Each structure stands twice: as structure tokens, then as C-alpha cells.
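Spelled out, the chains give:
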Amino acid sequence: MEKFTLEILFHIIGIGSASGLFLNNNSLYVIGDNSGFLYEYNIENKQLNQHPLIDNPTQNIPKNLKPDFESLTHHNDTLYVFGSGSTENRNKMIAFDIKSKTILQKNNLVDLYAVMQNFGEIKPEDFNLEGAIFDGENWYLFNRGNGVSNKNTIFTIHAKNLGEEFALISVNYKLPKIKGVRSSFTDAILVDDKIYFLSTAEDTKSTYDDGTILGSFIGRIDVKTMKIDFTQKITATNKFEGLTFYKKENNKIEFLLCEDNDTELLETKIYKLTLQIK
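Residues numbered from 1 in each chain as written. Predicted model: local features only at pLDDT ≥ 70, side-chain atom pairs only at ≥ 80, totals over all residues. Heavy atoms only, no water.

Per an unreviewed UniProt entry, the protein goes by Apyrase and derives from Flavobacterium ginsengisoli.

Rendered as C-alpha cells:
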């Protein structure tokens, strides 16, 4: 068991269904799975800015039309935003420059996602990417196993650009259960040579329909072995879907978390999770 504390750090009005975040100095970048914007929240002056990611963006896109931006990762000065791939509307990847505040490129990853589904033996209805990491050489994409097959899979794609030729590896994981419901990946980040991930137990057999939230875990995977070091239940009520590094000192590491409230309410709580690590 790892010792931890979880507390609400602040509220942001104007963002709903938060699904990913990245802290850069005093700016917190947030995506929502029903929004067409990348949000930039200044922690010091509490100012919220919106950066359009799609044409004619709105804050509450209907479920059958939304791009379902679930994953946010960064490398150098570029943010990469991924759609979940769970329907044909959700295959976008957008690269955003945080210095110029401009979109560098937009890609449709439908072909890559099809290759991943085939390689990982995941049916289209069970394919649902909710976490992404890019270290400059490898992309790690996390399939959330909340479909019928419970395929919690990490895809490792060796390529500097997702449009290039690549080598592909997939590893399946059995994540812990709550009340008989297996948890599934909802986000991940890389700190040193460790992947820290979030997983949530949600009582549903669908990548599309929401279910009763039973709780969330944090866990850690060693990048060299791709084996899980530990998992720790951190809540019995929250569906945490976003994770970013905050600070690390001595035997303590801190993260910021956001949750998907599965409503149209434009309000987001940002939590601070503190873990005692060995």
C-alpha cells in the first residue's frame, strides 16, 4: 500500500467533462471530451482562454458528433491531442504549439487506429484510446478496456512522427477490480523511467455509454520491463481522466488530476494527489 493524500486544489468555471491536462509553468492546459477547444487556464490570475481545435467549435458538442478528445501529451513545446477512436468521428490527432498558440498539424489517424485494432486483436467497438505519451522516440497509446472484452492495452509505436513507418508492440494488462468490475486505463504520463497511470472502474460494457462510477486507481509501470510496480485505489466516487506531473521531492511525488463528470455542466475541479514513493 502506498500512502497518499487527495485534495481539491481549485475550481475552473467554463470547462466541462475534463479528460486530459498538462501543466506548463503557471498554465494548465485542459481538454474536454465533449468540447472542440483546448483550454488554457492561468493559475495565478485565474484567466481562462480557449484555443479552437476544430472548425466551428462549441463547448458541448452532441455525443454522436463530438471528436471525443481524451488524450493529451507533450514533447518540447508541442501538445498532441488525440481522439479516442471509438467512433468514425473520433480519429483526429492535433499538434498545438504552446509558444505561438497555433495548430501545427491535423491528422486523421483512422488507418493507424485500424492497424492497432488488428494488431492488438481489439474489435472496433472495444477500441477506446484514453491516454497518450510521447518521449520523442516512442508513442505510448492506452486503450481503455471498458468494452465487452476488457482489453486494457498499451500500444508502443516506435516512430518520431505518426505519419512515418513504425514498429508496433502491444501489451495487455489485467487492472484491479472494484466490486467485481475491472478498472480500465483513463490516462498516463511518463516521469523519469516510470509510467504513472489512472484507471477507473465504471459499471458498463460499452465504450460509448456511461455507467456507474465505482472508483479510481493510480498505478505505475516500469518502462524497461512494462510491468506494473503498484496500484493504489485513490477514490470510491471520482472518474479521474486526466493526470499531469506537479512536483517531486525526496520520497514524495505530486500530480494534478481532473475528472469527467459526464454532464453538460461547465465546471471542473482540479485535484492534487500526493504519493509517498519508495
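(A) Layout of the overall build of the protein. Summing up its helical and strand segments, the protein has 1 helix and 22 strands in all. Its C-alpha radius of gyration of 17 Å places the protein within 12% of the 19 Å reference for a compact globule of 278 residues. Oriented by its inertia axes, the alpha-carbon framework of the protein measures out at about 45 × 45 × 35 Å. Excluding contacts between residues fewer than 6 apart, the proportion of contacts in the protein whose partners are at least 24 apart in sequence is 49%. Positive and negative charge centroids in the protein, built from 30 and 37 side chains respectively, lie 7 Å apart. (Helix = DSSP H or I, 4+ residues; strand = E, 2+ residues; numbered from the N terminus. Rg over C-alpha atoms; globule rule 2.2 N^0.38 Å. Contact = heavy atoms within 4.5 Å. Lys, Arg positive; Asp, Glu negative; His and termini not counted. Charge placed at Lys NZ, Arg CZ, Asp CG, Glu CD.)

(B) Spotlight on the nonpolar core. Counting residues in each nonpolar core, the largest one holds 20 residues, and the members touching the most others are Phe 82, Met 116, Leu 141, Ile 157 and Leu 162. At the level of elements, strand 7 (78-83), strand 8 (92-97), helix 1 (110-120), strand 10 (129-134), strand 11 (138-143) and strand 12 (152-158) are the ones that each hand at least two residues to this core. Ignoring sequence-local partners within four residues, the contact set of Ile 157 consists of Leu 112, Met 116, Glu 137, Asn 138, Trp 139, Leu 141, Leu 162, Phe 166, Ala 167 and Leu 168. Residues Ile 189, Tyr 196, Phe 230 and Ile 253 belong to the second largest nonpolar core, which totals 16 residues. (Core = buried A, V, L, I, M, F, W, Y, C linked by side-chain atoms within 4.5 Å. Buried < 20%, exposed > 50% of the residue type's maximum accessible area, 1.4 Å probe, protein only.)

(C) Broad picture of the sheet that holds strand 3 (residues 27-32). Spatial strand order, 2-3-4-5: 4 strands in an open sheet with antiparallel pairing. In this open sheet, the two strands that pair with only one neighbour each are strand 2 (18-24) and strand 5 (48-52). Averaged over all pairs of adjacent strands, the angle between strand axes in this sheet comes to 25°, irrespective of strand direction. (Pairing = 2+ DSSP bridges. Axes fitted to C-alpha atoms, helices over the stretch in contact; angles between N-to-C directions.)

(D) Representation of the side chain of Ser 84 in the model. Within the fold, Ser 84 resides in the loop between strand 7 and strand 8. Only 2.5 Å separates the side chain of Ser 84 from the side chain of Asp 68, close enough to count as a polar contact. (Polar contact = N/O pair within 3.5 Å; in protein donor to acceptor, adjacent residues only side chain to side chain.)

(E) Up close: the sheet that holds strand 17 (residues 194-203). Spatially, 4 strands are ordered 16-17-18-19 in an open sheet, and the strand pairing comes out antiparallel. A strand with exactly one partner marks an edge of an open sheet, and here the two such strands are strand 16 (184-191) and strand 19 (227-235). In this sheet, adjacent strand axes meet at a mean angle of 20° when their direction is disregarded. Pairing between strand 18 (residues 212-222) and strand 19: 7 bridges, direction antiparallel. What sits directly across from Ile 218, in strand 19, is Gln 232.

(F) Main features of the packing of aromatic side chains. Under the counting rule described, the total for this entry stands at 12 aromatic pairs. Between Tyr 80 and Trp 139, the ring centres sit 5.0 Å apart and the planes meet at 85°, which makes this aromatic pair edge-to-face. Pair noted here: Tyr 80 is in strand 7 and Trp 139 is in strand 11, with a separation of 59 residues, a long-range link. Both residues of the pair, Tyr 80 and Trp 139, belong to the buried class. Considering the side-chain rings of Tyr 173 and Phe 185, the 5.9 Å spacing of their centres and the 75° angle between planes classify their relative orientation as edge-to-face. (Phe/Tyr/Trp six-rings, centres within 6.5 Å; stacked < 30°, edge-to-face > 60°.)

(G) A look at unusual backbone geometry. One non-glycine residue, Asn 56, adopts positive backbone phi at about 50°. Looking at the element boundaries, Asn 56 is found in the loop between strand 5 and strand 6 (69-75). The class for Asn 56 is exposed, based on a relative accessible area of 73%. The phi dihedral of Asn 150 is positive, around 55°, even though this residue is not glycine. On the secondary structure map, Asn 150 appears in the loop between strand 11 and strand 12. Assessed through its relative accessible area of 27%, Asn 150 is described here as partly exposed.

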